[in-house]
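# Remarks on the overall topology
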Amino acid sequence: MPASGAVTRNTLRQQIAGALRDEVLAGRLRPGQEFTVKQIAEQYGVSATPVREALVDLAGQGLLDSNQHRGFQVHRFSVEDFRGMIEARSLIVDGIFREGGTPRAHAATGPALVSVRRRAEEAARAARCGDLNVLIGYDLRFWRELGALVTNRYIGEFLDRLRVQSWVFAVPRLRAEPEPELGEWLWSGHEQLVDAITRGDAAAARALIAADDDLALRWAERLERRPE
């Protein structure tokens, strides 16, 4: 068994990584923003070791860049990067539902399915209202829990990483959208997707997810026509 100190440090590492990931997702840590281990350790009132480990974890997830002499900075994703994320996501999802394969969620009942449906309702409501602050968290939890139902852990973790990265790219740009137009670019088909998967309708599930991807790609094209 590991020493209690190691457990505490690992817990701190996870908490700090989660807090910083939330800051990046919320757009409070902006692309290109730089900081050091010392600054983060002082901000959270902890020692440097778990902070350094947390920052290395986030760099491994592609959210931060490490510079040996200047510390860390939030990674800048390009429109082309975003397109690549959507393409990779689309190919993997197509493989999951190809040829009418019955997802594991079709047989799922009880708390897991109830939780996914609750996330779907909250995410869809936030998307329709254009509430990014609420949407980001519920959308990520929705896809994370849904992934656990329809595919294996390794694919689910990879898809979660892609979705986090796509939100990191999108958040600061979506916040710059005029409020009346923001809702046009937020997909709200979460509840319909749960319904399709629950009844084992792979074709409908693929169509709904494709609609999400198509919306993201159309938005990316709009960004390219409007240089930052």
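Position numbers for residues count from 1 along each chain, tracking the sequence in the order it is written. Where totals are concerned, whole chains, interfaces and linings use all residues; where local detail is concerned, this predicted model gives features only for residues with pLDDT of at least 70, and gives and counts side-chain atom pairs only at 80 or more. Only hydrogens and water are set aside when side-chain values are computed; all heavy atoms of the structure are taken into account.

## Describing the pattern of salt bridges
Each reported salt bridge corresponds to a side-chain nitrogen of Lys or Arg within 4 Å of a carboxyl oxygen of Asp or Glu. This model, assessed by the stated rule, comprises 20 salt bridges. For aspartate 212, the salt bridge is made with arginine 89, and the minimal N-O distance between the two is 3.9 Å. You can see aspartate 212 sitting in helix α10 (residues 202-225) and its partner arginine 89 sitting in helix α4 (residues 79-97), a full 123 residues away along the chain. Note on exposure labels: buried denotes an accessible area under 20% of the residue type's maximum, exposed denotes more than 50%, and partly exposed covers the range between, all computed with a 1.4 Å probe on protein chains only. By relative accessible area, aspartate 212 is classed as buried at 8%. With a closest N to O distance of 3.6 Å, aspartate 212 and arginine 163 form a salt bridge. Within this pair, whereas aspartate 212 is found in helix α10, its partner arginine 163 is found in helix α7 (residues 153-175), the two being separated by 49 residues in sequence. For the pair aspartate 212 and arginine 163, a shared accessibility class is recorded, and that class is buried. One continuous salt-bridge network, built from bridges that share partners, spans Arg89, Asp139, Arg163, Asp212 and Asp213. Strands here mean DSSP runs of E at least two residues long; helices mean DSSP runs of H or I at least four residues long; both are numbered from the N terminus.

## What to know about helix α9 (residues 190-198)
Among the residues of α9, those classed as buried are His190, Leu193, Val194, Ala196 and Ile197. Each buried residue of α9 sits inside an arc of 165 degrees when the element is viewed along its axis, so together they form one side. Contacts are assigned to residue pairs with any non-hydrogen atoms lying within 4.5 Å of each other. On its buried face, α9 sits against α4, α5 (111-129), α6 (132-150) and α10. Backbone geometry just after α9 places glycine 200 at a positive phi near 75 degrees. The directions from the helix axis to the C-beta atoms form the arc being described.

## A closer look at the side chain of serine 166
Tracing the chain through its elements places serine 166 in helix α7. The definition of a polar contact used here is a pair of N or O atoms within 3.5 Å, where within protein one atom must be able to donate a hydrogen and the other to accept one, and adjacent residues in sequence count solely through side-chain atom pairs. Here the side chain of serine 166 touches arginine 163 through a polar contact of 2.8 Å, landing on its backbone oxygen. Excluding its chain neighbours within four sequence positions, the residues that come into contact with serine 166 are Phe82, Met85 and Arg89.

## Comments concerning the packing of α7 against α10
Packed helices, taken two at a time, are described by the angle their axes make and the gap between the axes. All axes are obtained by fitting lines to C-alpha atoms, using only the stretch in contact for helices, and the reported angles, taken between N-to-C directions, cover 0 to 180 degrees. Contact geometry of α7 with α10 gives a least axis separation of 12 Å together with a crossing angle of 45 degrees. It follows from the interaxial angle that α7 and α10 lie oblique. Like other packed secondary-structure pairs, α7 and α10 cross with a definite hand, here left-handed. On α10, the residues touching Arg163, Phe169, Ala170, Arg173 and Leu174 of α7 are Asp212, Trp219 and Leu223. The residue makeup of the contact of α7 with α10, split by class, is 5 nonpolar, no polar and 3 charged. Every angle not falling under 35 degrees, over 145, or within 65 to 115 is termed oblique; those three ranges are roughly parallel, roughly antiparallel and roughly perpendicular. It is the rotation of the near helix from the far one that decides the hand of a crossing: anticlockwise by less than a right angle makes it left-handed, clockwise makes it right-handed. The residue classification treats Ala, Val, Leu, Ile, Met, Phe, Trp, Tyr, Cys and Pro as nonpolar and Asp, Glu, Lys and Arg as charged. All others, Gly included, are polar.

## A closer look at the sheet that holds strand β2 (residues 64-67)
By definition, two strands form a pair when at least two bridges between them are found by DSSP. The 3 strands lie next to each other as β1-β3-β2, forming an open sheet whose pairing is antiparallel. Taken across any chain shown, the strands that pair with only one partner, and hence form the sheet edges, are β1 (34-35) and β2. Here β1 runs beside strand β3 (residues 71-74); their pairing, made up of 2 bridges, is antiparallel. The residue bridging phenylalanine 35 from the neighbouring strand is phenylalanine 72, located in β3.

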